[in-house]
Amino acid sequence: MECLSCGLCAGYNRVVVERPSGTELGGLCVECEERRFGDCLRRGLWTETDGCALCTRDVYAAMPAWYPETERSPDGLLVRNDYEVTDGTVGLCGEHLESLIESDSQEEERSPTLVRPSE
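The text that follows walks through the structure, step by step, so that each part is easy to find. The structure displayed is predicted, hence computed values, not measured ones. (Residues numbered from 1 in each chain as written. Predicted model: local features only at pLDDT ≥ 70, side-chain atom pairs only at ≥ 80, totals over all residues. Heavy atoms only, no water.)

Quick notes on the environment of Thr89
In plain terms, the rule: Starting at the N terminus, helices and strands are each numbered in turn, a helix being any DSSP run of H or I of at least four residues and a strand any DSSP run of E of at least two. We call two residues in contact when some of their heavy atoms are within 4.5 Å. Two N or O atoms count as a polar contact when they lie within 3.5 Å, although within protein this holds only if one can serve as hydrogen donor and the other as acceptor, and sequence-adjacent residues are included solely when both atoms are side-chain atoms.
Mapped onto the elements of the fold, Thr89 is located in the loop between β5 (76-82) and β6 (91-92). For Thr89 and Pro64, which are 25 residues apart along the polypeptide, the C-alpha to C-alpha distance reads 5.9 Å. Setting aside residues up to four positions removed in sequence, Thr89 forms contacts with Arg19, Ala62, Met63, Pro64 and Glu84. Polar contacts involving the side chain of Thr89 include one to the main-chain amide nitrogen of Thr86, which spans 2.8 Å.

Below you can see the structure in the form of structure tokens.
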């Protein structure tokens with residue numbers, strides 16, 4: 001699964017799930033989570049309401065963390081990654097989700113190319 005912010009492999013950090021339909025939109029890698037939110041999401045430092053973590057609008061997409069589940073069987077140990085979306089799962093409104101998705105591509109377009117003067 002690709003990170004919605006940087007486009008690289010998201011790993012099993014967070015998944016971004018559309019709230020109304022439950023459709024997985026993509027992932028959020030550790031690096032992008034830390035760059036955008038610091039350690040607030042990892043430490044649970046957001047208001048657990050049914051609104052956006054960054055404003056008072058309704059949540060459009062939830063961002064639950066993946067968690068591993070292990071199951072022992074006669075064939076060995078099976079490890080699966082899963083997530084759960086609850087009312088307390090951190091989420092973003094449509095506008096903040098768009099800013100998360102568009103931010104990296106816009107930064108690349110706006111950043112000037114460094115040209116070294118000829119010596």
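Read on, since the account is not over.
Digging into the sheet that holds strand β2 (residues 24-28)
The cut-off we apply is this: Note on pairing: two strands pair once DSSP finds at least 2 bridges between them. Fitting a line to C-alpha atoms yields each axis, with helices limited to the stretch in contact; the angle taken between N-to-C directions then spans 0 to 180 degrees.
Pairing within the open sheet is antiparallel, and its 4 strands lie in the order β2-β1-β3-β6. A strand with exactly one partner marks an edge of an open sheet, and here the two such strands are β2 and β6. Here 2 bridges tie strand β1 (residues 14-18) to strand β3 (residues 61-62), and the two strands are oriented antiparallel to one another. What sits directly across from Glu18, in β3, is Ala61. This element, helix α1 (residues 30-37), spans β1, β2 and β6 of the sheet and lies at about 80 degrees to β2.

Quick notes on the pattern of salt bridges
To be explicit about the condition: Salt bridge, as used here, is a side-chain nitrogen of Lys or Arg placed within 4 Å of a carboxyl oxygen of Asp or Glu. Burial status follows relative accessibility: with a 1.4 Å probe on protein chains alone, a residue under 20% of its type maximum counts as buried, one over 50% as exposed, and anything between as partly exposed.
A complete count under the given rule lists 3 salt bridges for this structure. A salt bridge links Arg14 to Glu33, with the shortest nitrogen-to-oxygen separation between them at 3.0 Å. Here the residue Arg14 occupies a position in strand β1, and Glu33 occupies one in helix α1, the gap between them amounting to 19 residues. Comparing Arg14 with Glu33 shows no difference in burial state: the two are buried.

Some thoughts on the packing of aromatic side chains
As a reminder, the rule being used: In this analysis, rings of Phe, Tyr and Trp, with Trp reduced to its six-membered ring, are considered paired at centre separations within 6.5 Å, and the interplanar angle assigns stacked below 30 degrees, edge-to-face beyond 60, and tilted for intermediate values.
Taken as a whole, this structure holds 2 aromatic pairs when the rule is applied. Ring plane angle 85 degrees and centroid distance 5.1 Å describe the contact between Tyr12 and Trp66, whose orientation is recorded as edge-to-face. One end of the pair, Tyr12, is in the segment before β1; the other, Trp66, is in the loop between β3 and β4 (67-73), with 54 residues separating them in the sequence. Seen from their ring centres, Trp66 and Tyr83 are 5.0 Å apart, and the 90 degrees between their planes marks the pair as edge-to-face. One end of the pair, Trp66, is in the loop between β3 and β4; the other, Tyr83, is in the loop between β5 and β6, and 17 residues separate them in sequence. Accessibility expressed as a relative area gives 17% for Tyr83, which makes it buried. Site record: aromatic cluster; members linked through ring pairs are Tyr12, Trp66 and Tyr83.

Considering the environment of Ile101
In this structure, Ile101 sits in helix α3 (residues 94-110). The exposure class assigned to Ile101 is partly exposed, which follows from its relative accessible area of 28%. Setting aside its immediate chain neighbours within four residues, Ile101 contacts Leu4 and Ser5.

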